[in-house]
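Below are the chains, spelled out letter by letter.
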There are 2 protein chains.
Amino acid sequence: MATISDVVKRSGISKATVSRVINNHPHVSKEKREKVLAAMKELSYTPNPTARRMRGQLNTTVGLVVHRVVNPYFSYLMDAIERKAAEHNIRVIFFQSKEDKQKEFEFLDLLKQKQVDGMILTTVANSVEDIRPYLEYGPIVFCNEYLRIDDVPIVRISEEDAAFTGVTHLLEEGYRNIAYCTGGLFADEGKDRDRNTGFRKAMEAKQLSINPEWVFIDQHSIEDGRTVMKKITEMDNKPDAIFTGSDEVAAGMTIAAREYGVKIPEDLAVLGFDDQPLCLLTSPQLSTIHQPIEEMGSLAAELIIKLFKGEKLEQLEYELPIKLVKREST
Amino acid sequence: MATISDVVKRSGISKATVSRVINNHPHVSKEKREKVLAAMKELSYTPNPTARRMRGQLNTTVGLVVHRVVNPYFSYLMDAIERKAAEHNIRVIFFQSKEDKQKEFEFLDLLKQKQVDGMILTTVANSVEDIRPYLEYGPIVFCNEYLRIDDVPIVRISEEDAAFTGVTHLLEEGYRNIAYCTGGLFADEGKDRDRNTGFRKAMEAKQLSINPEWVFIDQHSIEDGRTVMKKITEMDNKPDAIFTGSDEVAAGMTIAAREYGVKIPEDLAVLGFDDQPLCLLTSPQLSTIHQPIEEMGSLAAELIIKLFKGEKLEQLEYELPIKLVKREST
DNA sequence: TTGTATGCGTTATCAT
DNA sequence: ATGATAACGCATACAA
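No experiment lies behind these values; they were computed from the predicted model shown.

### Here we look at the packing of helix H1 (residues 4-11) of chain A against helix H3 (residues 30-43) of chain A
Residue and element names in this part refer to chain A.
Working step 1: Their axes nearest at 9 Å, the elements H1 and H3 cross at an angle of 120°. Taken together, the axes of H1 and H3 lie oblique to each other. As H1 runs across H3, the sense of the crossing is right-handed. Across from Asp 6, Val 7, Arg 10 and Ser 11 in H1, the residues of H3 making contact are Lys 35, Val 36, Ala 39, Met 40, Glu 42 and Leu 43.
Working step 2: Class assignment for the residues of the contact of H1 with H3 results in 5 nonpolar, 1 polar and 4 charged.

Take a look at the structure:
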């Protein structure tokens, strides 16, 4: 690879001036500028990014933390982020934290070491207090997380609105005995607070009470969905609809339904969450809450790029709209 | 961040010796070594990777080219690669080429610029001749590609064996009118040559001829699968089984089958390829060819890491075994 | 407008 | 065994 010194030799012009040309600085005579440009072209010179980074002048790499790549929610997010980044010639280093606090720290350290110039966190295991110190070393953007840190932009959906919309849809379809499934806990605090609130409000709006037997916590996978369906078939007092909070769980329920002879939606209506491609594969096809993943990823990338450029953000909280998609399962 | 100079100040020991300690060089007295170590700990010093890279002493970043993240085949590959890399403290910069030759070049340039220290290509759009020059700048490993370059290790499955096994399975189940679907062309050369050969050989082994009407080329997506199924329903002379070459295509066929009232496998047996999670979601569940994606990714990562360390590979071609998974669709 | 000299944080060379 | 110093490739303060 040709270096700046090679260009100096070739053009007979000083290093400083060559550097000025490279960085489009003013105060360079047209004549010299052209000579330099010519030499650069002849040598097919490209500035060495490592050297630039050493000088602290380079912002071209963003770190991306996801939970797991194979989770379609995250892979669609990664897709959108990478595409937007590539448009701007930004590279993406990705990392699967699997919610491991220690690993998350190790990856965040890349920010300290200037291996990456900013971070997009789509999942975060550590607490606000643990994350905050890293802000000193570079910008961070949250994407799809509940965490709030002043000064840290966050892109997400309104979980409360999503749950409210979903449950209200079930109620409008005439179901009254609504079961509820969550990936977290059915608590008033923490990550799932807002979604739980949406569920409560939708039920209250129809003066319906919540049956605690029909609340399932910590459900994520297709396998979990099968188990939930099994449990429901074993109940004396059965719900007639379920808000699953996850397409995977909902899909698992459709599989188990076939095995147990449960008819969806006649015996039990099932509502997914995310609008993943698998919604079209199950039988029946899943009604679900569509998340604007594409837009979320794209926006998160745009925000971090703006911060790279030193631009101020006019807004810190971006709440993107969800949409109910009715198919066959409700 | 503390630098080596801070350690020098703190310990009162020269830069050279401090560096020796950092890099575990011999010829350092126990006494000084301990002093340095103490200073390092007190300052929570970490060597600056960028500076090390400048010196040309750092191998910690691998570039990973995939077609698209959202394709489960690739996301499972990425998962395996990232996990193995993380074990060894190697970072992964990923990039979606979408088979764009120009973009592929731009990403390969990271190798030239020493932004990455090696590359894993899981898809490659350019020709052997175009890729070869990059070898000068760092190691490359192919994973799942047909391309052959002497000196470039490749991890893959035997496409011929896979197709042969799949088609033979259909024949053994008693089907005789076998349709064939490929993501590429039905040509004697190029990427899909081996898979096509496997199909031919399996048919020849039973003295069966191939019906060109039943050969579908350039089929990839769920949508493609629907189209294929539609076409088959419109045929006078229908096949009784199909080797799809893709779980997505096979899944699309199950959806269309429901719409057209085609029974799988009674009217038409459908065999997928890859063994993606969606095989369990369709109705009926898909029989398929299981690809050892996990092992492929893991091995590819191991190979590049060995090359980083300057180790010699005892082998350049790694052909991993496939496996037939029989479910409900055949 | 242009060029010289310096520093970014390392590691390696060469003395001592 | 230890330390002073050069070098990696670049951008900039300062001088001219």
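### Brief notes about the domain arrangement of chain A
Working step 1: We note that the domain assignment places domain 1 (4-47), domain 2 (61-157 + 293-320) and domain 3 (159-290) within chain A.
Working step 2: Between the C-alpha centres of domain 1 of chain A and domain 2 of chain A the distance comes to 36 Å.

### A closer look at the protein's contact with DNA strand C
Working step 1: As a structural note, the neighbourhood of DNA strand C is formed by 27 residues, with Arg 20, His 27, Ser 29 and Arg 55 of chain A together with Ile 4 of chain B the closest of them.
Working step 2: A share of 61% of the atoms of DNA strand C within 4 Å of the protein falls on sugar and phosphate groups.
Working step 3: Measuring from a base oxygen of DNA strand C, one finds a side-chain N or O atom of Arg 20 of chain A at 2.5 Å.
Working step 4: Those elements that provide at least two residues to the surface near DNA strand C are helix H2 (15-22) of chain A together with helix H2 (15-22) and helix H4 (49-54) of chain B.
Working step 5: No other element matches the 4 residues that H2 of chain B contributes to the surface near DNA strand C.
Working step 6: Here the surface near DNA strand C is composed, by residue class, of 9 nonpolar, 11 polar and 7 charged.

### Here we look at the sheet that holds strand E8 (residues 241-243) of chain A
All names here are of chain A.
Working step 1: The strand order across the open sheet formed by 4 strands is E7-E6-E8-E9, and the pairing between neighbours is parallel. Either end of the sheet is taken by a strand with one partner, and the two such strands are strand E7 (215-216) and strand E9 (269-271).
Working step 2: Inspection of the sheet shows strand E6 (residues 178-181) paired to E8 by 3 bridges, in the parallel sense. Paired with Ala 179 across the strands is Ile 242, a residue of E8.
Working step 3: Its contacts with the sheet put helix H9 (residues 193-205) on E6 and E8, and the angle it makes with E6 is roughly 175°.

### Overview of the side chain of Ser 11 of chain A
Working step 1: With respect to the helices and strands, the residue Ser 11 of chain A is situated in helix H1.
Working step 2: Among residues more than four places away in sequence, those in contact with Ser 11 of chain A are Val 18, Lys 35, Val 36 and Ala 39 of chain A.

### Side note on the nonpolar core
Working step 1: With 98 residues, the main nonpolar core has Met 78, Val 155 and Ile 178 of chain A together with Met 78 and Val 155 of chain B as its most contacted residues.
Working step 2: Not counting residues within four places of it along the chain, the set of residues in contact with Ile 178 of chain A comprises Val 167, Leu 170, Leu 171, Phe 199, Met 203, Trp 214, Asp 240 and Ala 241 of chain A.
Working step 3: Residues Phe 95, Ile 131, Tyr 134 and Leu 147 of chain A belong to the second largest nonpolar core, which totals 41 residues.

### Some remarks on the relation of the copies chain B and chain A
Working step 1: Superposing chain B onto chain A requires a rotation of 180° together with a translation of 0.0 Å along the rotation axis, leaving an RMSD of 0.1 Å. Between the two chains, the operation in question is that of a two-fold axis. Relative to the rotation axis, the closest C-alpha in chain B is found at Ile 93 of chain B, a distance of 2.2 Å.
Working step 2: In this assembly, 100% of the residues forming the interface of chain B have copies in chain A that are likewise at the interface, indicating an isologous arrangement.

### A closer look at the protein's contact with DNA strand D
Working step 1: Every one of the 27 residues lining DNA strand D counts as a neighbour, but Ile 4 and Arg 52 of chain A together with Arg 20, His 27 and Ser 29 of chain B are closest to it.
Working step 2: Sugar plus phosphate: this is where 64% of the atoms of DNA strand D within 4 Å of the protein reside.
Working step 3: Asn 23 of chain A is positioned with one of its side-chain polar atoms (N or O) 3.3 Å from a phosphate oxygen of DNA strand D.
Working step 4: Of all the secondary structure elements, the ones that give two or more residues to the surface near DNA strand D are H2 and helix H4 (49-54) of chain A together with H2 of chain B.
Working step 5: For the surface near DNA strand D, the leading source of residues is H2 of chain A, giving 4 residues.

### Notes on the interface of chain B and chain A
Working step 1: Every contact between the two is made by 44 residues of chain B and, on the other side, 44 residues of chain A.
Working step 2: Taking both partners together, chain B and chain A bury about 4000 Å²; carbon and sulfur atoms supply 61% of that area.
Working step 3: Looking at the side of chain B facing chain A, the largest losses of area belong to Arg 91, Phe 94 and Leu 281 of chain B, adding up to 17% of the total buried there.
Working step 4: For the pair chain B and chain A, the interface holds 3 salt bridges.
Working step 5: Applying the counting criterion to the chain B and chain A interface returns 10 residue pairs in polar contact (both at pLDDT 80 or more).
Working step 6: A class-by-class count of the residues in the side of chain B that touches chain A yields 22 nonpolar, 10 polar and 12 charged.
Working step 7: With 3 bridges connecting them, strand E2 (residues 91-96) of chain A and strand E2 (residues 91-96) of chain B associate as antiparallel partners. Looking at the pairing, Phe 94 of chain A lines up with Val 92 of chain B of E2 of chain B.

### Looking at the environment of Val 69 of chain A
Working step 1: Within the element layout of this structure, Val 69 of chain A appears in the loop between strand E1 (61-66) and helix H5 (72-87).
Working step 2: Sequence separation of Val 69 of chain A and Thr 227 of chain A is 158 residues, and the distance between their C-alpha atoms is 24 Å.
Working step 3: When near neighbours in sequence (up to four residues on either side) are disregarded, Val 69 of chain A contacts Ser 75, Met 78, Phe 94 and Gln 96 of chain A together with Val 69, Ser 75 and Met 78 of chain B.

### Structural notes on unusual backbone geometry
Working step 1: Backbone torsion omega between Ser 283 of chain A and Pro 284 of chain A reads 0°, so that peptide bond is classified as cis.
Working step 2: Phi at Asp 151 of chain A takes a positive value of approximately 85°, unusual for a residue other than glycine.
Working step 3: Tracing the sequence through the fold places Asp 151 of chain A in the loop between strand E4 (140-143) and strand E5 (154-157).
Working step 4: Classification of Asp 151 of chain A by relative accessible area gives exposed; the value is 63%.
Working step 5: Located in the positive-phi region is Asp 275 of chain B, a residue other than glycine, with phi close to 70°.

What counts as what
- Residues numbered from 1 in each chain as written.
- Chains lettered and ligands numbered in written order.
- Predicted model: local features only at pLDDT ≥ 70, side-chain atom pairs only at ≥ 80, totals over all residues.
- Heavy atoms only, no water.
- Axes fitted to C-alpha atoms, helices over the stretch in contact; angles between N-to-C directions.
- Helix = DSSP H or I, 4+ residues; strand = E, 2+ residues; numbered from the N terminus.
- Parallel < 35°, antiparallel > 145°, perpendicular 65-115°, else oblique.
- Left-handed = near helix turned anticlockwise from the far one by under 90°.
- Contact = heavy atoms within 4.5 Å.
- Nonpolar A, V, L, I, M, F, W, Y, C, P; charged D, E, K, R; others polar.
- Domains from an automatic or database assignment.
- Near = heavy atom within 4 Å.
- Polar contact = N/O pair within 3.5 Å; in protein donor to acceptor, adjacent residues only side chain to side chain.
- Pairing = 2+ DSSP bridges.
- Core = buried A, V, L, I, M, F, W, Y, C linked by side-chain atoms within 4.5 Å.
- Buried < 20%, exposed > 50% of the residue type's maximum accessible area, 1.4 Å probe, protein only.
- Least-squares fit on C-alpha atoms with pLDDT ≥ 70 in both.
- Buried area = accessible area lost by both parts, 1.4 Å probe.
- Salt bridge = Lys/Arg side-chain N within 4 Å of Asp/Glu carboxyl O.

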